[in-house]
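Structural overview for review
Chain by chain, the residues:
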Amino acid sequence: MQFALLIFEDPAAFAARNNEDEKDPYLGAWRAYHKALVEAGVYVGGNPLQAPETGTTVRIKEGKRRVQDGPFAETKEQLGGFTILELPSLDAALDWAARCPAASAGAVEVRPVSAVYLRRVTG
Amino acid sequence: MSESGQESTHRAIERVARESYGRLVAYLSSHTRDVASAEDALSNALVKALTTWPKDGVPQNPEAWLLTTARHSLIDLIRHQRVALESEPTLLHLREESKEMVSSTEFPDERLKLLFVCAHPAIDPAMHTPLMLQTVLGLDAARIAQAFLISPTTMGQRLVRAKTKIHDAGIQFEIPQERELPQRLDAVLEAIYAAFGLGWDDMAGVDQRGRDLAEEAIWLARVLLEQMPAEAEARGLLALMLYCEARRAARRGPDGRFVPLSEQDSRKWSQPLIEEAERHLAEAASRSRIGRFQLEAAIQSVHAGRARSGRTEWDAIVMFYGQLIRISPTLGTRTGYAAAVAEAKGAEAGLGVLDGIDPDDVSSYQPYWAVRAHVLQRLGQKSEAADAFDRAIGLTEDLAVRQFLLQRRG
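Rules used in this analysis
Residues numbered from 1 in each chain as written. Chains lettered and ligands numbered in written order. Predicted model: local features only at pLDDT ≥ 70, side-chain atom pairs only at ≥ 80, totals over all residues. Helix = DSSP H or I, 4+ residues; strand = E, 2+ residues; numbered from the N terminus. Buried ≥ 20, exposed ≤ 12 C-beta atoms within 10 Å, placed from the backbone. Contact = placed C-beta atoms within 7 Å. Pairing = 2+ DSSP bridges. Axes fitted to C-alpha atoms, helices over the stretch in contact; angles between N-to-C directions. Nonpolar A, V, L, I, M, F, W, Y, C, P; charged D, E, K, R; others polar. Core = buried A, V, L, I, M, F, W, Y, C linked by C-beta atoms within 7 Å. pLDDT = per-residue confidence, 0-100. Parallel < 35°, antiparallel > 145°, perpendicular 65-115°, else oblique. Expected span 1.5 Å × (residues − 1). Arc of directions from axis to C-beta.

Description of the overall build of chain B
The secondary structure content of chain B amounts to 21 helices and zero strands. Within chain B, buried positions represent 43% of all 410 residues. Sequence-distant contacts, at least 24 apart, represent 63% of the contacts inside chain B between residues at least 6 apart.

Regarding the overall build of chain A
If you tally the helices and strands in chain A, you get five helices and six strands. Along the chain direction, N to C, the helices and strands of chain A fall in the order β-α-α-β-β-β-β-α-α-β-α. Classification of the 123 residues of chain A by burial places 24% in the buried group. The long-range share in chain A, meaning contacts at least 24 apart out of those at least 6 apart in sequence, stands at 75%.

Focus: the pairing of strand E5 (residues 78-86) of chain A
All names here are of chain A. Pairing geometry for strand E1 (residues 2-9) and E5, over eight bridges, is antiparallel. Bridged to alanine 4 within E5 is isoleucine 84. Bridge count between strand E2 (residues 43-48) and E5: five bridges; the pairing is antiparallel. Looking at the pairing, proline 48 lines up with glycine 81 of E5.

What to know about the pairing of E1(A)
The side chains of a regular strand alternate, first on one face of the sheet and then on the other. All names here are of chain A. Of the two faces of E1, the one lined by Phe3, Leu5, Ile7 and Glu9 is fully buried and the one lined by Gln2, Ala4, Leu6 and Phe8 carries no buried residue. Alignment of E1 against strand E6 (residues 107-112), held across six bridges, turns out to be antiparallel. Paired with leucine 6 across the bridge in E6 is glutamate 109.

With respect to the sheet that holds E1(A)
Residues and elements named next belong to chain A. In spatial order, the strands read E2-E5-E1-E6; together these four strands make up an open sheet with antiparallel pairing. Each edge of the sheet is formed by a strand with only one pairing partner; in this case those strands are E2 and E6. Averaged over all adjacent pairs, the angle separating strand axes in this sheet is 20°, with direction ignored.

Concerning the interface of chain B and chain A
A common way to express how large an interface is: the accessible area buried when the components associate. Listed per partner, the contact involves 15 residues of chain B and 18 residues of chain A. Only helix H20 (382-394) and helix H21 (399-409) of chain B provide two or more residues apiece to the side of chain B that touches chain A. Partitioned by chemical class, the residues of the side of chain B that touches chain A number six nonpolar, five polar and four charged.

Focus: unusual backbone geometry
Residues and elements named next belong to chain A. Of note in this structure, glutamate 62 is not a glycine but carries a positive phi near 50°. On the secondary structure map, glutamate 62 appears in the loop between strand E3 (56-61) and strand E4 (64-69). Glutamate 62 gets classed as exposed once you count the C-beta atoms within 10 Å, which come to 5.

Here's the deal with the environment of B:Leu240
Residues and elements named next belong to chain B. Mapped onto the elements of the fold, leucine 240 is located in helix H12 (residues 232-246). Placed 57 residues apart in sequence, leucine 240 and alanine 297 show a C-alpha to C-alpha distance of 4.2 Å. Filtering out sequence-adjacent residues up to four positions away, leucine 240 remains in contact with Phe293, Glu296, Ala297 and Gln300.

Points about the nonpolar core
B:Ile192, B:Ala221, B:Leu237, B:Met241 and B:Tyr243 are the most contacted members of the largest nonpolar core, which has 132 residues in total. Not counting the four nearest positions on each side in its chain, B:Ala221 is found in contact with B:Ile192, B:Ala234, B:Leu237, B:Leu238 and B:Met241.

As for the confidence of the model for chain B
All names here are of chain B. Within chain B, residue pLDDT values average 88, and 89% of them lie at 70 or more. The low-confidence segment residues 198-209 (pLDDT under 50) makes 38 contacts with residues lying over four places distant or belonging to another chain. Note on the complex model: pTM 0.85, ipTM 0.85.

As for the packing of helix H9 (residues 181-196) of chain B against helix H11 (residues 214-227) of chain B
Residues and elements named next belong to chain B. Interhelical geometry of H9 versus H11 gives an angle of 155° and a closest axis separation of 7 Å. When the axes of H9 and H11 are compared, the pair comes out roughly antiparallel. Contacts between H9 and H11 pair Val188, Ile192, Ala195 and Phe196 from the former with Ala214, Glu216, Ala217, Leu220, Ala221 and Leu224 from the latter.

Things to note about the environment of B:Ala194
Mapped onto the elements, B:Ala194 comes out in helix H9. It is 6.8 Å that separates the C-alpha atoms of B:Ala194 and B:Thr129, two residues lying 65 residues apart in sequence.

Overview of helix H13 (residues 271-285) of chain B
Residues and elements named next belong to chain B. Given a rise of 1.5 Å per residue, 15 residues ought to cover 21 Å, and the 21 Å separating the end C-alpha atoms of H13 matches this to within 8%. Burial in H13 covers these residues: Ile274, Ala277, His280, Leu281 and Ala284. Buried residues in H13, looked at end-on, bunch into an arc of 125°, giving them a common side. The exposed set on the far side of H13, more than 90 degrees from its buried face, consists of Gln271, Pro272 and Ala282. Next to the buried residues of H13 lie H12 and helix H14 (292-304).

Quick notes on the packing of helix H6 (residues 125-135) of chain B against H9(B)
All names here are of chain B. Contact geometry for H6 and H9: axes closest at 8 Å, N-to-C directions at 75°. On the basis of the axis angle, H6 is roughly perpendicular to H9. Residues His128, Thr129, Met132 and Leu133 of H6 touch H9, and the partners they reach there are Ala187, Ala191, Ala194 and Ala195.

Written out as structure tokens, the structure is:
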């Protein structure tokens, strides 16, 4: 089954992405983690997201567009990306979440992908 | 009662809870086979102690007081379960015992039976260790969940299911017959060692999860050995854990940096713990029944020898690993053997051993990649080494180990 690892990072981790140094340890850790996921045959997909301040949130309230600068929720740690993994169990997903570099710097939330709802939506 | 008096009463309750928890649960559940109710009854008794001891003072024999109170609570619990007919014999038995208890403060230590119940083949092997930690040591589900990287709710549910199984499957509280003893004891030893959870501190594969439980595991091994002093492997396991525990202070630099075994300052190793480990290992070896844990302890004994001689006798380690592979050809053993061969006979030979392991088996096994990276680096195969380092880094969950490997990778 598929699991989403939702990567939450603090402002320092987002700022570190602007570091041009190819030897940056956080970048190195992420490269290694990605390679380990691919080589273990569990990687399905995923993407990093740009910093939370680049987000724009849209709602339709009483038929009118409400557009707000910034992310949906104002919290210290913000969604910084996601990874989808194909794994046999939640236990395995938690193991991979623990190995994620963001688990030491921020937090990683593990959520099962809802295959049932996907089928109902896509028909 | 003064505030400090209250505090000392609370400490007394904590102490007796910690030291007696397993003895009381084991004894209370040995006849009913109902571990969950025994635990509930004991917590009721502990709550009652918290309210009455500060008023009336700590009783002369706190353990006996807890037992009597818990037993009354257990009788109530069973009565409330409304299975009066079925539980009548149990109730009768408990009441009879209650009468005897008034005059006697001694009760048999049934913890060994409880350990065998926890590691029974009918129980999911993944639950052996969590069950022991909860029923014998009284750790709560949340703390156990942390160690096993499972959500506290899930761990709670799994523990409840396992205890229901003990009761419903009719697992007997008994020491296994001689015929099945070796296998059953093995499961108990494995579960205790899993709580200890390291074994890989030497190869940059520190398991963060296990570290908190090291002391609890050593406690469990002592409980086991107290009751089975003649079991060489039980003693071997205790020796193994003591050797590893002796190196705890040396495994991190002052800045929290990871320090591999080969670079540890042996003056920081605890000599008293090493000496205790040596005594246990010698005693175990005198019984001439070699086994996995004694061999692993022997390997650690060679490492400990560096504190005296200043050098590591890698040939001896290779020999012990060779024996270990014959009885326990696990990934861990084979990886350890490869690392030892690389030291004793050269990196080329070590790489040969690693190449003999099926790559599919190691796709998420961190220590293999850490050793492979190290060996390839020594052989000057830079890009292959960098690849292996990446795999090892990507599979590490310990920040200090990750930083150490990133640095080594260059």
